[in-house]
Amino acid sequence: MELDRLDRLMAEAFEGFLVRKDLVRKYSRQYPVPTYVVEFMLGRYCASIDDNEINEGLAIVERQLSERTVRTGTEELFKARARDEGSVKLIDIVKARLDAKNDCFVAELPSLALKDVRVDDQLVRNHERMLTDGFYAEVTLSYDSAIAQEKGGRPFAIDNLRAIQLSKADALQVLIRARSHFTLEEWKNLLLRSIGLEPEALSERGQAVALLRMLPFVERNYNMVELGPRGTGKSHLFQQISPYAHLISGGKATVAKMFVHMGTGQRGLVCQYDVVCFDEISGVSFDQKDGVNILKGYMESGEFSRGKESIRASGGIVMVGNFDMDIEQQQRIGHLLSPLPQEMRNDTAFMDRLHAYLPGWDFPKLNPNEHFTDHFGLVSDFLSECWNQLRNGSRVAALQGRVNFGGALSGRDITAVNKTVSGLIKILYPDPEMPVPDEELENVVRLALECRRRVKEQQKKCLKTEFRNTHFSYTIGEDGVEQFVATPELHSEDQIDTDPLPPGQVWAISPGSADAGASLYRIEVTVGPGSGVKILNHPIPPSFRESVRYAEQNLYTRSKELVGDRDPRGHEFSIQLRAMDNDKSGEGISLPVVVALCSGLLERSLRGGLILVGAINLGGSIDSLRNAVATIELAIEKGAETVLMPVSARKQLFELSDDMATKISIQFYSDAQDALLKAIVA
């Protein structure tokens, strides 16, 4: 493997905290332990880019892993060695429970099938997680032959243990100092390589999904769902990378295990881990009827009550699962949360507790020869420790005075978006003193709004009356333009959508030329410094050139009533016509062009789902519309919600069938100003 520029940068900034990820994969496959256990060993002995040092370290790692990991069939060999030599070292999960009859703790070592190992009370108090589902540790296991001869004696004892987990108090400071050496793009690539992925093999959307998966590790009480095709590594981060995460794979989730054991008072997984992930979520169920309600309450407030006590915890809830069909079919037959268990899938109150829905379908099926990196990355233990320390505090302050959210967002929506933005900023800019540029802040905000809106869209499918307005928007700066954020799986550039278009963009229907019938167009206008109107189409259809000339003259002569004190002659308009049907002429659409020019100059969006129809002449009068019925029929076929047409066409619509008339809202305008006021977002 040849070192690239990023490898060398990382070696300078993170000396002693790097590991080659191809070595991690090699050894994690050979030994029955998670990836982060292998990385812990490699990080201890092979944290270098020098080949000689790596080879020396590998010999030690290989020896220790082969001597200390228990393979199936070698259990009795380890027990015998402990008896013959007095003690033995091994790597295993350590679990513990209280033996109330004898008033002591006993430990369990699953790989040796030992369930009654003596363990000192102080060790248990120092490592409370062994009382939940346990953790991986290097264990010194001793054997006392005298106790073995006693009736009911427990000859095995844990003399010492070392958690497989880095505990450097200054880990985050090391990360913060190093961040300044990297550009944003380099930092993203570093993070992706640190979780074993090769960024060059992922699309921009795939990289975004991978970064979003990290959010629950840095943000307290972050609730997230990701559904998508099989084989995309949805649970990998929560099972293999961090000892602060716990994975529940299908089956029953007990209230005692998740929250608190009523008999012993022992706190559950949400108190012990930063992230609790439900894998194969469709198969998960609770052992008690009120289990989902307790979970729902906890996801809302970070608190749960069992008995008289109210308990706070900071563990986030993550749900991952698979679609049994492609995304388009899933949306046709139900909604995108349908794979959840029955008691959750149609519960809009439960959905409201989800801060983000990740588009798992945008992440590729993982190919080991393509998507996994062979380069260096941060040791998982170091990275997960930094993430754990980043959980303290919030970065929502980065939004204050810079970003305003639109009226469609409820209080819970804003909370969810704020948590996502805060988490992404922590991951990308771990130093709170490091400024976040406007451009990157906007990218983060758009991603956060999209992930929350995806939740809202599923609520809308379940209860349309309550969740009618899902048009999430934001503005950056006091004079910023309102921008709307769609979810790509519901939105297409070539389809009429209920979301408002960006300023300067209009859907229009032309009555058609002599050779073609009514046709749909998308007009796109951008405004910049300069003067005049420039048509970007080549060649320019003569009919469209005429429509633009009429529109331009009307904008200049009626600028006061259309755009107020803005001077259209002091701006250059670039206009492009996109034909969606066979007719490319652009005939008879001068009124929509006027509205597009005004929308661009005013920096105001037009209503979503709207099509404009009509032509304006040089004198400012609206031309009569021919074949109004065919125009309405085409608008319905294209999925429009509203058609705005000249009032003179009203009489023609008596011929429109009752069935067609109920499928669309038809509104009328009298002149260009009336059309603009009715088209623009209020």
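Residues take numbers from 1 onward in each chain, read along the sequence in its written order. Per-residue local features are limited, in this predicted model, to residues with pLDDT of at least 70; the limit for side-chain atom pairs, both in listing and counting, is 80 or more; totals at the level of whole chains, interfaces and linings are taken over all residues. Calculated side-chain values reflect all of the structure's heavy atoms, with hydrogen atoms and water omitted.

Next up on the list: the overall build of the chain. Regarding its fold elements, the chain presents 27 helices and 24 strands. Taking the principal axes of the C-alpha coordinates as reference, the chain spans close to 110 × 55 × 45 Å. The buried label applies to any residue whose accessible area, calculated with a 1.4 Å probe on protein chains only, is under 20% of its type's maximum; exposed applies above 50%, and partly exposed to all values in between. For the chain, the proportion of its 682 residues judged to be buried stands at 56%. Any two residues whose heavy atoms approach within 4.5 Å at even a single point are treated as in contact. Expressed as a percentage of contacts within the chain between residues at least 6 apart in sequence, the contacts between residues at least 24 apart total 72%. Accessible surface computed for the chain: about 29,400 Å², of which carbon and sulfur atoms make up 45%. Both charge centroids of the chain, one from 80 positive and one from 96 negative side chains, sit 4 Å from each other. Numbering of helices and strands runs from the N terminus; a helix is a DSSP stretch of H or I covering at least four residues, while a strand is a stretch of E covering at least two. Each accessible area value is a Shrake-Rupley result obtained with a 1.4 Å probe; residue values ignore everything except the protein chains displayed when judging cover. Positive charge is attributed to Lys and Arg, negative charge to Asp and Glu, and no charge count is given to His or to the chain ends. Every charge is mapped to an atom, namely NZ of Lys, CZ of Arg, CG of Asp or CD of Glu.

This part is about the pattern of salt bridges. Take a side-chain nitrogen of Lys or Arg and a carboxyl oxygen of Asp or Glu: if they are within 4 Å of each other, that pair is a salt bridge. Summed over all chains, the structure comprises 37 salt bridges. Residue Arg205 pairs with Asp362 through a salt bridge whose shortest N-O separation is 2.8 Å. Residue Arg205 is found in helix H10 (residues 204–212), and its partner Asp362 is found in the loop between strand E13 (356–359) and strand E14 (376–378); the two are separated by 157 residues along the sequence. We classify Arg205 as partly exposed; its relative accessible area is 27%.

The subject of this paragraph is the side chain of Asn554. Counting through the fold element by element, Asn554 comes out in helix H22 (residues 542–557). Classification of Asn554 as buried rests on a relative accessible area of 1%. From its side chain, Asn554 meets the backbone oxygen of Asn617 in a polar contact 3.0 Å long. In protein, a polar contact requires one atom able to donate a hydrogen and another able to accept it; more generally it is a pair of N or O atoms within 3.5 Å, and residues adjacent in sequence count only if both atoms are side-chain atoms.

Turning our attention to the packing of helix H8 (residues 171–179) against helix H19 (residues 380–390). Packed helices, taken two at a time, are described by the angle between their axes plus the distance between the axes. At a closest axis distance of 8 Å, the pairing of H8 and H19 adopts a crossing angle of 95°. Judged by the inter-axis angle, H8 sits roughly perpendicular to H19. Along the contact surface, H8 presents Ala171, Leu172, Val174 and Leu175, while H19 presents Phe382, Glu385, Cys386, Gln389 and Leu390. In this count, Pro and Cys sit with the nonpolar residues alongside Ala, Val, Leu, Ile, Met, Phe, Trp and Tyr, while Asp, Glu, Lys and Arg are called charged and the others, Gly among them, polar. The residue inventory of the contact of H8 with H19, partitioned by class, reads seven nonpolar, one polar and one charged. Every angle, taken between N-to-C directions, lies between 0 and 180 degrees, and every axis is a line fitted to C-alpha atoms, over only the stretch in contact when it is a helix. Angle categories are assigned with fixed cut-offs, so that under 35 degrees is roughly parallel, over 145 is roughly antiparallel, 65 to 115 is roughly perpendicular, and the rest are oblique.

Our next topic: the nonpolar core. Definition of nonpolar core: a set of buried residues of the types Ala, Val, Leu, Ile, Met, Phe, Trp, Tyr and Cys, connected through side-chain atoms within 4.5 Å. Core analysis: the biggest nonpolar cluster contains 97 residues, and Phe14, Leu42, Phe182, Phe238 and Phe382 have the highest contact counts within it. Considering each element in turn, this core owes the most residues, seven residues, to helix H21 (residues 438–462). Ignoring anything within four residues of it in the chain, the contact list for Phe182 reads Leu6, Leu9, Met10, Ala13, Phe14, Trp187 and Leu190. Core analysis: the second largest hydrophobic core is formed by 38 residues, Leu295, Tyr298, Ala313 and Leu354 among them.

Moving on, we come to the state of the cysteines. By definition, disulfides here are pairs of cysteine sulfur atoms that lie within 2.5 Å. Tallied over the full model, the rule gives zero disulfides. Distance from the sulfur of Cys271, which forms no disulfide, to the nearest cysteine sulfur (Cys277) is 18 Å. Given the relative accessible area of 27%, Cys271 is considered partly exposed.

Next up on the list: unusual backbone geometry. Note that the residue after His538, namely Pro539, is joined by a cis bond; omega there is -10°. Within the secondary structure layout, Pro539 lies in the loop between strand E20 (532–535) and H22.

Moving on: H8. The buried fraction of H8 is high, at seven of nine residues. Here H8 has its buried residues at Ala171, Leu172, Val174, Leu175, Ile176, Ala178 and Arg179. Packed against the buried residues of H8 are helix H1 (5–13), helix H9 (184–194), E14, H19 and helix H20 (411–428).

Attention shifts here to the environment of Tyr222. Structurally, the position occupied by Tyr222 is in the loop between helix H11 (215–218) and strand E7 (224–228). The buried category is assigned to Tyr222, whose relative accessible area is 0%. Measuring from C-alpha to C-alpha, the distance between Tyr222 and Val318 comes to 8.0 Å, with 96 residues separating the pair along the chain.

A few words now on H21. Under the convention used throughout, the expected extent of a helix is 1.5 Å for every residue step, that is, one less than its residue count. For H21, built from 25 residues, the straight-helix expectation of 36 Å at 1.5 Å per residue is met to within 8% by its first-to-last C-alpha distance of 36 Å. Here H21 lies mainly inside the structure; 18 of its 25 residues are buried.

Take the pairing of strand E22 (residues 610–613) next. Two faces make up the sheet, and in a regular strand the side chains alternate between them. In E22, alternate side chains face the same way, and those of Leu610 and Leu612 on one face and Ile611 and Val613 on the other are all buried. Pairing between two strands is assigned when DSSP locates at least 2 bridges connecting them. By the bridge criterion, two bridges tie strand E18 (residues 505–510) to E22 in an arrangement that is parallel. Counterpart to Ile509 in the pairing with E22 is Val613. Of the pairings in the sheet, the one linking E22 to strand E23 (residues 642–646) comprises three bridges and is parallel in character. Counted as the bridge partner of Leu610 is Thr642 from E23. Looking down the strands as they point away from the viewer, one classifies a crossover as right-handed if the path from the first strand across the helix to the second runs clockwise. Crossover connection from E22 via helix H25 (residues 628–637) to parallel E23: handedness right-handed.

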